[in-house]
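# Tertiary structure, described
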Amino acid sequence: MGQKKDLTGSEKSKIVRYLAEGCSSLKIAKLLKRDHRTIKRFIRNSQQGRKKRVEKPRRKITAHELRKVKRAAAKMPLATSLAIFQSCNITGVPKSTRCAILRDMAKVRKAERRPPLNKTHKLKRQDWAKKYLKTDFSKVLWTDEMRVSLDGPDGWARGWIGKGQRAPVRLRRQQGGGGVLVWAGIIKDELVGPFRVEDGVKLNSQSYCQFLEDTFFKQWYRKKSASFKRNMIFMQDNAPSHASKYSTAWLARKGIKEEKLMTWPPCSPDLNPIENLWSIIKCEIYKEGNQYTSLNSVWEAVVAAARNVDGEQIKTLTESMDGRLLIVLAKKGGYIGC
């Protein structure tokens, strides 16, 4: 009886069953009409089981190389382990070993979204807090721009999905969907705007001033009383289109100059209460992972969300300024958040 091809799955099952019944390998070979050597080989291999994986010894690095890796990791934040080791001319180290080495000296973290503060920034934030510590913030108009996209800040969403339910489908845009630039202001318990910047317009000094003329001044500011205009303080951040000589001179011709135009410390979005308003609006328009199919639809959502923000919420934000200034002084110019 010659040897045939490898045993089939059915034959292997029969061999196991016959062995359990106490049959010898010779009898099983006769029952299956297979070569006795084939049956014996299968039984022998089955008894040996799977061979254990032989782990190769990890590549060890010297103390000198370890110091080089530590310096490179400090100089190259957010770099991959491969890039860090390549910058040190250390090759032949597998990814698992690289990560194990880096895990002892570093930690995987996301990049900070807020701007870094150096010593000069902190000093200017302290000086600003001291200057406006006794200001009546109910007379300050806090302004800023916000860009909203069709898919939200992250472009993705996650949340709880009930058992037996399928996760909703998210649209994927190869070229992105663009966004809408929105300007608004808050003063005391009142929301000014929001106003939409025309699509495709880049806000330089000239276009920024023209935008304020067409929206803020014509639609809101000119309706206010003379006493209100005398006491109002206009706040804007240090964006180039805001702080340029052209914009400053243009606002001065509108009567917003000197003490009526608030100076602003660098790198200080945490001090502007309207940033919290943007968070409220974004949470509303992107709740439950909402996406939008057109710029007009996301703009309509912004307007609807802004209408739902009541005066008490705005008042809470504007009245928080005294506390923010005290925190800045207590932290010696540091961020007011964690």
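So, here's what we can say about the structure. Remember, it's a predicted structure, so these values are computed and weren't measured experimentally.

## Here's the deal with the packing of helix α12 (residues 274-285) against helix α13 (residues 295-307)
Remark: α12 packs on α13, axes separated minimally by 9 Å, with the N-to-C direction vectors making an angle of 120°. Considered as vectors, α12 and α13 are oriented oblique to each other. Taken as a pair, α12 and α13 cross one another with a handedness that is right-handed. Of the residues in α13, those in contact with Ile281, Glu284 and Ile285 of α12 are Ala301, Val302, Ala305 and Ala306.

## Here's the deal with the packing of helix α8 (residues 205-219) against helix α11 (residues 245-253)
In contact at an axis separation of 8 Å, α8 and α11 are set at 30° when each is read in the N-to-C sense. One way to sum up the angle between α8 and α11 is to call them roughly parallel. Where α8 crosses over α11, the two elements pack in a sense that is right-handed. Two secondary-structure elements touch here, α8 through Ser205, Gln206, Tyr208, Cys209, Leu212, Glu213 and Phe217 and α11 through Tyr246, Ser247, Trp250 and Leu251. The residue makeup of the contact of α8 with α11, split by class, is 7 nonpolar, 3 polar and 1 charged.

## A look at the packing of aromatic side chains
What the rule picks out here adds up to 15 aromatic pairs. Their ring planes at 20° and their centres at 6.1 Å tell us that Trp183 and Phe195 sit as a pair that is stacked. Of this pair, Trp183 sits in strand β2 (residues 179-187) while Phe195 sits in strand β3 (residues 190-196), placing them 12 residues apart in sequence. Aromatic pair Tyr286 and Tyr292: ring centres 6.3 Å apart, planes at 65°, arrangement edge-to-face. Positioned above the aromatic ring of Tyr18, the side-chain terminus of Arg17 is 5.4 Å from the ring centre. A cation over a ring is seen here: Lys224 above Phe228, with NZ or CZ 5.4 Å from the ring centre.

Definitions and limits used
Residues numbered from 1 in each chain as written. Predicted model: local features only at pLDDT ≥ 70, side-chain atom pairs only at ≥ 80, totals over all residues. Heavy atoms only, no water. Axes fitted to C-alpha atoms, helices over the stretch in contact; angles between N-to-C directions. Helix = DSSP H or I, 4+ residues; strand = E, 2+ residues; numbered from the N terminus. Parallel < 35°, antiparallel > 145°, perpendicular 65-115°, else oblique. Left-handed = near helix turned anticlockwise from the far one by under 90°. Contact = heavy atoms within 4.5 Å. Nonpolar A, V, L, I, M, F, W, Y, C, P; charged D, E, K, R; others polar. Phe/Tyr/Trp six-rings, centres within 6.5 Å; stacked < 30°, edge-to-face > 60°. Lys NZ or Arg CZ within 6 Å of the ring centre and 35° of its normal.

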